[in-house]
Structures are given as C-alpha cells and as structure tokens.
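# Residue-level structure breakdown
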Amino acid sequence: MFGQGDCTIIRTKYNKTILIDSGEGNNDKYDYGKSVVLPYLLSHNISKIDYLIISHFDSDHAGGAFYILENLKIENIVIGFQAEKYENCVEFIKLAKEKKVNIIGLKANDILRIDKETYFKVLFPDLSHTISENKINNNSLVLKLVYKDFSMLFTGDIEELGEKAILKNDEKLLKSTVLKIAHHGSKTSSIEEFIAKVNPKIAVIGVGSKNNFGHPNQEVIDRLEKYKIQIFRTDKNGGISIYTDGYKIFCNTNY
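Since the structure is predicted, the reported quantities are computational estimates derived from the model, not experimental observations. (Residues numbered from 1 in each chain as written. Predicted model: local features only at pLDDT ≥ 70, side-chain atom pairs only at ≥ 80, totals over all residues. Heavy atoms only, no water.)

### Notes on the overall build of the chain
Scanning the chain for helices and strands turns up nine helices and 14 strands. The C-alpha atoms of the chain give a radius of gyration of 17 Å, which matches the 18 Å a tight globule of 255 residues would have. Each principal axis of the C-alpha distribution contributes one length, and for the chain these read about 45 × 40 × 40 Å. Taking all 255 residues of the chain together, 57% fall into the buried category. For the chain, the exposed surface amounts to about 11,900 Å²; the carbon and sulfur share of it is 46%. (Helix = DSSP H or I, 4+ residues; strand = E, 2+ residues; numbered from the N terminus. Rg over C-alpha atoms; globule rule 2.2 N^0.38 Å. Buried < 20%, exposed > 50% of the residue type's maximum accessible area, 1.4 Å probe, protein only. Areas by Shrake-Rupley, 256 points an atom, 1.4 Å probe, with all protein chains shown as cover.)

Next up, the structure:
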C-alpha cells in the first residue's frame, strides 16, 4: 500500500497477480500508477495483471489504474455494482472496452476464484440494500480473500452505514486474519462491532503522512489497540508486505 490512497498487490502460490486499487492518478497531480505502482510491478518481474480490482472509483483508489491499464497487460477488470454514475467509472470502463479487457461485475455472495487454493468471497455491495448516503464510499466492493487458513478483508472506503449493512447480512463471514481498515482510518468507519466481528490479528491502514484529514482517527487506533490487534500503517511503516503459507504469517515493512 502506498500513500493516502489504497493499493494492494497480491501474488498467489500459482503465480496469479491481483492488483486491488491503485492510488491517486489520472490528473495533473502525482500519478501513483505511473510513478509508484508500475515501477514496483516491473521491478518484481510482473508484466501482467490477472485481476485488476477496483473497490470504488474515487481518484485515490482508482486514479492510478488508468496508467496501469494503458501500459500493462490486464486479463480481467473487477468492479462492484455502481450505485451512482461516476465520471471516473465511465471513463475507465470505456478505456477497458477499447483495450478489449474482460470486465467482471460482482455483488454480495458472489465468489471470484483465482486458482485452486485462492478465492474471494464478496460481502458487498448488496443489490437489495443499496446505501443512498455517500453512495460511492458506502457501496464499495468489499472482498474477503481466502487462502487455506489465511484470510484478508478488503473494505474500500465503506463507512459506518456500510459496516452495519455487512454486519446485518454477513456477520459470520467477517472473521479474517488481516483487516484492511476502511477509509484510511477515518472516524466515520471502523465501528467497534465491526472490528470485534472481524477480530483480525493484523490491521493495515493506507494513510498519507501529515494528511489534511487527520487520518487515522485516534478513536479508531484506540479500538484496534483495545482488541490487541497489531497495526501497520503506511505513514509510519512505508510499504507493507505480508507473507503467508496459508497458516503462518510474516510481515515486513520498508521503514
């Protein structure tokens, strides 16, 4: 994960590569797709993405994906049900179609199988429970990665309403080894009941150093510490690497 925006790269045992979100980009500002994500991929001999997953189309999650799509081989693009027409989404889908990339739409209860030992379970968005408040964030694509006994929950930018909707529908599925904290640790997310049900060993926060939003909120940090969850955050730890054989976990950071 890099900076204030989210970006996660996953390599499976069978050499499948998944990119979840891509950081800020597609504008006149610093493009993380061009300057961070693509160089990182190429430095690790990754020249193809099997699944490019976009949790939602805010620029700090999807902006860098435009450059990646233009400059790297992408087999599949994965998005959730879009509760609101958004320019970034329209432009990105148009570009994907021009590139003839397969587009997969997911909703709650779908399964995205990556290889014979790795899959994603979709927890949100729920077509029967579209959230009308702050639609783009609260209807983020929420996925649980499962590999043997290891699991990681990716939450996009869902806020309290999104977390409560998932608790109502998929409470038993929430338990995960690692939790990607929603919305950069904003005070509008990570309610105590949600953290308690996920009950992770590790929490990862994608947050920019000295950001203007006060992320991560101290109350969120206090909740995580209350449950004795090990916290990694990009503003203090830099890039965060998690290795697993499906049972044991090892974490490494850039700093």
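### Structural notes on the layout of surface pockets
In this structure, the largest pocket occupies an estimated 830 Å³ of space. Lining of the largest pocket is provided by 25 residues; of these, I9, I10, R11, S241 and I242 occupy positions nearest its centre. Counting residues per element, the ones that place at least two in the lining of the largest pocket are strand 1 (8-11), strand 8 (142-147), strand 9 (150-154) and strand 13 (240-244). Ranked by residue count, the leading element in the lining of the largest pocket is strand 13, at five residues. The residue inventory of the lining of the largest pocket, partitioned by class, reads 15 nonpolar, eight polar and two charged. (1 Å grid on protein atoms, 1.4 Å probe; cavity = no way out; pocket = protein on both sides within 12 Å on 5 of 7 lines; lining within 4 Å. Points joined across faces, edges and corners; volume = space filled by probe spheres on them. Nonpolar A, V, L, I, M, F, W, Y, C, P; charged D, E, K, R; others polar.)

### Structural notes on empty space enclosed by the protein
One pass over the structure, following the stated rule, counts two cavities of 30 Å³ or more. Approximately 90 Å³ is the volume attributed to the largest cavity. Surrounding the largest cavity, S55, H56, F57, F81, Q82, A83, E84, Y86, K135, I136, N139 and S140 form its lining. Looking at the lining of the largest cavity, its residues break down into five nonpolar, five polar and two charged. Quantified by volume, the second largest cavity comes out at close to 80 Å³. The class makeup of the residues in the lining of the second largest cavity is six nonpolar, four polar and three charged.

### Section: the side chain of N76
Within the secondary structure layout, N76 lies in strand 4 (residues 73-80). On the basis of relative accessible area, N76 is assigned to the buried category, the value being 14%. Once residues within four sequence positions are removed from consideration, N76 is found in contact with I49, D50, Y51, L52, V101, N102 and I104. (Contact = heavy atoms within 4.5 Å.)

### Observations concerning the side chain of H61
Checked against the element boundaries, H61 lands in helix 2 (residues 59-62). Polar contacts involving the side chain of H61 include one to the side chain of D157, which spans 3.1 Å. If near-sequence neighbours (up to four positions away) are discounted, H61 is found in contact with D6, D21, S22, G23, S55, H56, G156, D157 and H184. (Polar contact = N/O pair within 3.5 Å; in protein donor to acceptor, adjacent residues only side chain to side chain.)

### Some details on helix 6 (residues 160-170)
Buried within helix 6 are the following residues: G162, E163, A165, I166, L167 and D170. On the buried face of helix 6, the contacting elements are strand 7 (118-124), helix 5 (135-138), strand 8 and helix 7 (192-198).

### Some remarks on the nonpolar core
Core analysis: the biggest nonpolar cluster contains 25 residues, and L52, I74, I77 and F92 have the highest contact counts within it. Put simply, the parts of the chain that give this core at least two residues each are helix 1 (32-43), strand 3 (48-54), helix 3 (65-71), strand 4 and helix 4 (87-98). If sequence neighbours within four positions are ignored, I74 has contacts with I49, L52, I68, L69 and V101. Counting 24 residues, the second-largest nonpolar core is a separate cluster that includes I166, L167, A203 and V207. (Core = buried A, V, L, I, M, F, W, Y, C linked by side-chain atoms within 4.5 Å.)

### What about the sheet that holds strand 11 (residues 202-205)?
The strands making up a sheet associate through backbone hydrogen bonding, with each pair oriented either parallel or antiparallel. Spatial ordering of the open sheet is given by 6-7-8-9-10-11-12, a layout of seven strands whose pairing is mixed. Two strands in the sheet have a free side with no partner beyond their single neighbour: strand 6 (111-115) and strand 12 (230-233). The average undirected angle you get between the axes of adjacent strands in this sheet is 20 degrees. As paired elements, strand 11 and strand 12 share four bridges and run parallel to each other. Counted as the bridge partner of A203 is I231 from strand 12. (Pairing = 2+ DSSP bridges. Axes fitted to C-alpha atoms, helices over the stretch in contact; angles between N-to-C directions.)

### Considering the environment of E117
Mapping E117 onto the fold places it in the loop between strand 6 and strand 7. Sequence spacing of E117 and T12 is 105 residues, and the spatial spacing of their C-alpha atoms is 8.8 Å. Discounting chain neighbours no more than four positions away, the residues touching E117 are K13, Y14, V146, Y147 and K148. A polar atom in the side chain of E117 sits 3.4 Å from the side chain of K13. Among the polar contacts listed, one links the side chain of E117 to the side chain of Y14, at a separation of 3.1 Å.

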